[in-house]
Every structure is written in C-alpha cells, then in structure tokens.
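Now for the letters of each chain:
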Amino acid sequence: MFIIDAHLDLSMNAMEWNRDLRLPVSTIRSLEKGMTDKPDREKSTVSFPELRKGNIGIVVATQIARYVKPDSGIPGWNSPEQAWAQTQGQLAWYKAMEEAGELFQITNAAQLKSHFDLWNDGFSNEKKPIGYILSLEGADSIVDVSYLERAHQYGLRAIGPAHYGPGRYANGTDATGKMGAQGLELLKEMERLNFILDATHLCDDAFWQALDHFSGPVWASHNNCRTLVNHNRQYSDDQILALISRGAVIGGALDNWMLVPDWQRGVSTPQGKGCGLQKVVDHADHICQLAGNARHIGIGSDLDGAFGTEQSPFDLDTISDLQKMLGMFTAKGYTAAELELIFHKNWLNFLYKAWA
C-alpha cells in the first residue's frame with residue numbers, strides 16, 4: 001500500500017541529531033553506539049531507505065525552531081531571529097537533499113499528482129525521490145507576519161501556530177490562554193496566502209479561537225484521542241467533531257505516551273505497557289466511529305520526533321513497519337477502499353481541494 005505520512009521531523013534529525021538519513025537505519029544506530037546526549041540514540045526508526053522500503057513516497061516534513069525566554073525550562077532559541085535562522089538551515093538541508101536526488105518538493109496539485117503517479121507506475125521505487133510537503137511546527141520563528149510571504153515563496157505550505165508551552169502567536173501543549181492580536185494577524189495572513197492550518201499542539205483555548213477566526217483548510221497532522229488517553233495534547237471528542245465538520249484529516253501519532261494511559265517517560269516500556277501498532281489503529285477507529293466513515297484519518301507518525309524505539313509501538317522497528325497496520329485495519333472490518341483512504345487518499349483528497 002502506498003503511504004503518505006503527514007508528520008516527520010526529518011530536518012531536525014539531520015541538523016540537530018546529525019543523522020545522515022541517506023544511510024540505513026542499522027548504520028545510523030551503529031554510528032550512535034555509546035552516545036548519550038539524546039534519549040533515543042541507537043534507537044532511530046527513520047531513514048530514506050526505510051521510507052522507500054515501506055512504500056512511503058510522500059511525507060509532510062517539518063521545519064521547527066522554538067523561541068523561548070532565557071529562563072524557560074523548555075529548550076529553544078533566545079530570539080525569534082535565531083529561531084528563523086535555524087529554520088533556514090533546515091531549509092538548506094532539504095534543498096541539498098533535493099540536489100542529491102533524495103527528495104522532491106511538492107508545492108501544488110500538479111506536482112502532487114505527478115509524484116503520486118511516479119511512485120505508482122509499476123517500476124521499482126528504490127531510487128525514486130521521496131516527495132515532501134514543507135510544514136512549520138510552531139510559528140515562533142516567524143519574526144513577524146511579513147515573513148510568511150517569503151516562507152510561502154520557498155515552499156512552506158502548512159503552519160502549526162503552537163508547539164509546547166507558551167508561544168509568540170499561540171499557546172500550545174501544557175499551556176492555556178487565547179491568541180492575542182499577533183496570533184490573529186498570523187491567521188489572517190495564513191488565510192490570505194492559502195496556508196494549511198495545522199491544529200496540532202494548539203491548547204484548547206487557542207484551538208477553538210483558531211477555528212473561529214480561520215476559514216482556510218485545516219488539518220491535524222499528528223494527534224490522537226483524549227477519550228482514550230486523557231491529556232491536553234490529545235483531542236476531545238468535541239474537538240474531533242469540529243475538525244470533521246471542517247473537512248479535516250487527523251493523522252495518528254505513534255509516540256507511546258499518546259497511545260496508552262499513564263506512560264512514564266524513561267520508565268515505561270512498549271512491551272510492559274502492551275503498546276503496539278494496534279493502539280494506533282484503536283485511536284484511528286475511535287475517530288472513524290465519531291465521523292461515521294473513514295474519510296478523516298490518516299498516518300501522521302511523528303517518528304523520530306525526539307523519540308525512538310524506546311517510545312514507539314513494540315512491533316515497529318523502523319518506519320517501514322507502518323505497513324503492518326493494513327492487516328490490523330482489515331481485521332477491524334475496514335474494506336480495501338477504506339484502506340486506500342486511510343493510508344493515502346484522504347491526504348491526497350484534502351490537498352487537491354486545498355490547492356484547487
């Protein structure tokens with residue numbers, strides 16, 4: 001099955017973890033043997049060869065650089081300008097990978113269709129470039145809203161205004177409070193330029209306010225269900241229904257603390273908590289039951305988003321194992337046509353409509 005993954009932190013892994021994603025995952029793990037600066041050293045799951053092995057031909061790939069006040073306990077950059085510069089370094093890596101033939105940037109419907117056709121032409125995908133749609137996770141690096149114009153020009157197509165904690169434009173996970181004038185101005189300019197609003201990470205106050213003030217396309221690249229795991233990072237049923245009413249697609253995230261209750265980072269284990277890929281399917285199925293159909297879910301793995309196999313489903317060794325969920329959805333009664341929706345057509349249909 002062809003897969004579109006709506007959230008991968010590729011540039012963060014390349015630029016901050018110093019991983020050459022052209023290498024096999026096994027080689028990346030071997031190169032990190034004995035390293036302890038990150039909790040997921042020797043446990044990576046994503047590389048270009050594994051994406052191709054898993055028939056994952058299109059990804060939504062992030063830029064990310066948070067601004068934080070110097071006394072903040074959350075890591076980040078001490079000025080918006082530094083954060084912007086970090087995202088530009090990430091952009092330079094994406095462009096270098098394009099020149100190397102590893103990636104192909106998708107910015108419009110025609111490119112989307114041609115790249116999908118390329119990956120489904122019946123020939124081997126081993127040497128084909130992986131298509132990527134550029135998304136910004138957290139808008140702190142947008143120095144002011146005038147920067148949105150140049151970001152759109154270099155190919156940015158989706159923005160999540162918040163990440164963790166308080167943000168310059170919106171408050172995110174574990175924070176509260178509505179957007180101020182600057183956040184509302186951001187939404188207005190995003191709508192003018194036809195950016196996709198990624199509702200992921202918005203705190204509840206900002207989530208409802210954003211839906212009230214933004215009339216453009218909305219998706220949730222990597223989110224699960226609060227009914228199954230009670231945390232503000234997840235969506236309540238009311239929020240899920242609001243997204244469904246806007247035609248959104250919600251991508252299931254694979255970070256174990258979002259899949260099972262009472263996960264303790266650094267203490268819990270995937271096996272000990274019984275957290276396999278079936279839990280991802282359970283969250284997706286909950287959304288389908290609310291919607292009454294399978295037209296609003298997709299894959300949004302967030303793999304290697306600062307975690308590895310130590311905090312991924314126990315039956316996933318690399319990202320290519322996303323294919324295992326085909327049988328799990330089938331066992332729940334999903335049809336072949338619905339599987340196509342879940343694994344790629346929902347994202348395609350959303351983007352064709354957004355970019356019409």
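Structure report, in brief. Just so we're clear, the structure is a prediction, and the values are computed from it rather than from any experiment.

## Let's talk about the overall build of the protein
The helix and strand inventory of the protein stands at 12 helices and nine strands. A principal-axis box enclosing the C-alpha atoms of the protein has dimensions of 45 × 45 × 45 Å. Long-range contacts, defined as pairs at least 24 residues apart, comprise 71% of the intrachain contacts of the protein with a sequence gap of at least 6. As displayed, the protein offers around 13,800 Å² of accessible surface, 51% of which is attributable to carbon and sulfur atoms. Taken as two groups, the 32 positive and 43 negative side-chain charges of the protein have centres that lie 2 Å from each other.

## Observations regarding the packing of helix H7 (residues 181-192) against helix H8 (residues 204-213)
Close contact between H7 and H8 brings their axes to 10 Å; oriented N to C, the two are set at 45 degrees. It follows from the interaxial angle that H7 and H8 lie oblique. The two elements H7 and H8 cross, and the hand of that crossing is right-handed. Seen from H7, the contacting residues are Leu184, Leu187 and Glu191; seen from H8, they are Gln209, Ala210 and His213. Residue composition of the contact of H7 with H8, grouped by class: three nonpolar, two polar and one charged.

## With respect to the pairing of strand E4 (residues 130-137)
Side-chain positions along a regular strand alternate between the two faces of the sheet. Summarising burial for E4: eight of the eight residues are buried, a large majority. Here E4 shows two buried faces, one formed by Ile130, Tyr132, Leu134 and Leu136 and the other by Gly131, Ile133, Ser135 and Glu137. In terms of strand pairing, strand E2 (residues 56-63) meets E4 through six bridges, oriented parallel. Directly across from Gln63, in E4, lies its bridge partner Leu136. Pairing geometry for strand E3 (residues 103-105) and E4, over three bridges, is parallel. Pairing of Gln105 across the sheet is with Tyr132, part of E4. Each parallel crossover has a hand, and for E3 linked through helix H5 (residues 109-119) to E4 it is right-handed. Pairing of E4 with strand E5 (residues 156-160), which is carried by four bridges, proceeds in the parallel orientation. Residue pairing in the sheet places Leu134 in a bridge with Leu156 of E5.

## Topic: the packing of H8 against helix H9 (residues 237-245)
Relative to each other, H8 and H9 sit at 20 degrees, their axes nearing to 12 Å. Our classification of the angle between H8 and H9 gives roughly parallel. The chirality of how H8 crosses H9 is left-handed. Of H9, the residues touching H8 (which contributes Asp204, Phe207, Trp208 and Leu211) are Asp238, Gln239, Ala242 and Leu243.

## Details of the packing of aromatic side chains
A full pass over the atoms with the stated rule returns 13 aromatic pairs. Look at Phe329 and Phe343: their rings are 5.9 Å apart centre to centre, the planes differ by 85 degrees, and that puts the pair in the edge-to-face class. Highlighted residues: Phe329 in helix H11 (residues 325-331) and Phe343 in helix H12 (residues 336-354), separated in sequence by 14 residues. For Phe343, a relative accessible area of 0% puts it in the buried group.

## Some remarks on H8
Residues lying three or four places apart along an α-helix face the same way, a consequence of the helix completing one turn every 3.6 residues. Every buried residue of H8 is listed here: Ala206, Phe207, Gln209, Ala210 and Leu211. At its buried positions, H8 is contacted by H7, strand E6 (196-198), strand E7 (218-219) and H9.

## As for the pairing of E5
The element E5 is largely enclosed, with a buried count of five among its five residues. The β-α-β motif built from E4, the intervening helix H6 (residues 147-153) and the parallel element E5 has right-handed crossover chirality. Of the strand pairs in this sheet, E5 and E6 are connected by two bridges, and their pairing is parallel. When the bridges of E6 are listed, Ala158 appears paired with Ile196. In this fold, E5 hands off to H7, which returns the chain to E6; that crossover is right-handed.

Definitions and limits used
- Residues numbered from 1 in each chain as written.
- Predicted model: local features only at pLDDT ≥ 70, side-chain atom pairs only at ≥ 80, totals over all residues.
- Heavy atoms only, no water.
- Helix = DSSP H or I, 4+ residues; strand = E, 2+ residues; numbered from the N terminus.
- Contact = heavy atoms within 4.5 Å.
- Areas by Shrake-Rupley, 256 points an atom, 1.4 Å probe, with all protein chains shown as cover.
- Lys, Arg positive; Asp, Glu negative; His and termini not counted.
- Charge placed at Lys NZ, Arg CZ, Asp CG, Glu CD.
- Axes fitted to C-alpha atoms, helices over the stretch in contact; angles between N-to-C directions.
- Parallel < 35°, antiparallel > 145°, perpendicular 65-115°, else oblique.
- Left-handed = near helix turned anticlockwise from the far one by under 90°.
- Nonpolar A, V, L, I, M, F, W, Y, C, P; charged D, E, K, R; others polar.
- Buried < 20%, exposed > 50% of the residue type's maximum accessible area, 1.4 Å probe, protein only.
- Pairing = 2+ DSSP bridges.
- Right-handed = clockwise from strand over helix to strand, strands pointing away.
- Phe/Tyr/Trp six-rings, centres within 6.5 Å; stacked < 30°, edge-to-face > 60°.

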